[in-house]
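# Architecture at a glance
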Amino acid sequence: MSQFVVTASIVLYKNKINELKKAIDSFLETELPIRIYLIDNSPTPELENITNDERAEYFYLNANRGFGAGHNVILRRPHLMGKYHIILNPDIYFEKGTTEALVEYMDKNQDVGNVMPKVIYPDGSLQYLCKLLPTPMDWIGRMFLPLKSLKDKLNNRFEMRFSGYDKEMNVPYLSGCYMFLRTSVIEEIGVFDEGIFMYGEDTDLNRRIYQKYRTMYFPSVSIVHKHEKGSHKNLRLFWIHVKAAIYYLNKWGWFFDKERRKINADTIKLYSK
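Throughout what follows, the structure given in this document is the object of discussion. (Residues numbered from 1 in each chain as written. Predicted model: local features only at pLDDT ≥ 70, side-chain atom pairs only at ≥ 80, totals over all residues. Heavy atoms only, no water.)

A few words on the nonpolar core. Note on soluble globular proteins: their nonpolar side chains tend to be buried together. In this structure, Phe-27, Ile-36, Tyr-178 and Phe-180 are the most contacted members of the largest nonpolar core, which totals 58 residues. In contact with Tyr-178, other than residues within four places in its own chain, are Ile-86, Ile-87, Leu-88, Ile-92, Phe-94, Leu-102, Val-115, Met-116, Pro-117 and Ile-223. Formed by 22 residues, the second largest nonpolar core is a distinct cluster that contains Tyr-37, Ile-74, Val-185 and Ile-186. (Core = buried A, V, L, I, M, F, W, Y, C linked by side-chain atoms within 4.5 Å. Buried < 20%, exposed > 50% of the residue type's maximum accessible area, 1.4 Å probe, protein only. Contact = heavy atoms within 4.5 Å.)

Okay, the packing of aromatic side chains next. A complete count under the given rule lists 11 aromatic pairs for this structure. A centroid spacing of 5.6 Å and a plane angle of 40° characterise the contact between Tyr-84 and Phe-180, whose relative ring orientation is tilted. With a gap of 96 residues between them, Tyr-84 in strand S4 (residues 84-88) and Phe-180 in strand S10 (residues 178-182) connect regions that are remote in the sequence. No difference in accessibility class separates Tyr-84 from Phe-180, as the two residues are buried. With a centroid separation of 5.4 Å and an interplanar angle of 70°, the aromatic rings of Tyr-165 and Tyr-217 are classed as edge-to-face. With Tyr-165 in the loop between helix H5 (148-158) and strand S8 (169-170) and Tyr-217 in strand S11 (residues 214-225), this pair connects stretches of sequence that are 52 residues apart. For the pair formed by Tyr-165 and Tyr-217, the shared burial category is buried. In textbook terms, an aromatic cluster arises when at least three aromatic residues are bridged by ring pairs, as seen for Tyr-128, Tyr-165 and Tyr-217. The residue whose ring lies beneath Lys-22 is Tyr-93, and the NZ or CZ to ring-centre distance is 3.8 Å. (Phe/Tyr/Trp six-rings, centres within 6.5 Å; stacked < 30°, edge-to-face > 60°. Helix = DSSP H or I, 4+ residues; strand = E, 2+ residues; numbered from the N terminus. Lys NZ or Arg CZ within 6 Å of the ring centre and 35° of its normal.)

Right, let's talk about unusual backbone geometry for a bit. In the Ramachandran plot, Met-160 falls in the positive-phi region, its phi being about 55° despite a non-glycine side chain. Here Met-160 lies in the loop between H5 and S8. Phi is positive for Tyr-199, close to 70°, though the residue is something other than glycine. For Tyr-199, the position within the fold is in the loop between helix H6 (183-189) and helix H7 (201-210).

As structure tokens, this is what we get:
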């Protein structure tokens, strides 16, 4: 049994030093027994000395196998994880007390497998990271829609903007930028599907957790996410995104996904204002 209450992992890839340090320091600013694992997919181990804190451990993979595969280096070793484990993006930071508040929430809600706080941009505006289970139009169609008005209509539904984001919600698809996971649930449900290199592995994992546990949005706590939407600016990342969507839809169903239809309908009914 691990001696840590909370552990975290960050998958690195040629990151900006100051941004990465901010993420690491945010997590380390606590009196809880913790450890952070830095999984480096970069071509060279130049980030090895990003921190000298004894609560940090660095793994250099000498290959880029993807986001999920990087985190799985830890998720496949439950003895390295705490009671709770955070999937943490390198462009996130938060105030002291955030981790403690989420530990308290999870301790009080034993049926929750994953919790995500409110996520905001550095300017304080809200990020819409609570989503329904994606349809082909949500994930692929809207990438090619020419009219902003059509995209906005899709986003209002898909990103659950109709909910107001002002209350706790059991959400079928929570963003992978910050996943506060119950380790015992990961041992039961399994790890990230490595058939997805990047984008969508969080959808798949959260859906599998949601089938047996609540996966909650908890807006009483907030974190800051820089979030540059790389796949919208880079052709290579765009095609990685498309391939991930195709893989996910092949796995769960394109147009005949009865579970998705029921979950989405129930979620809309429950949280519509």
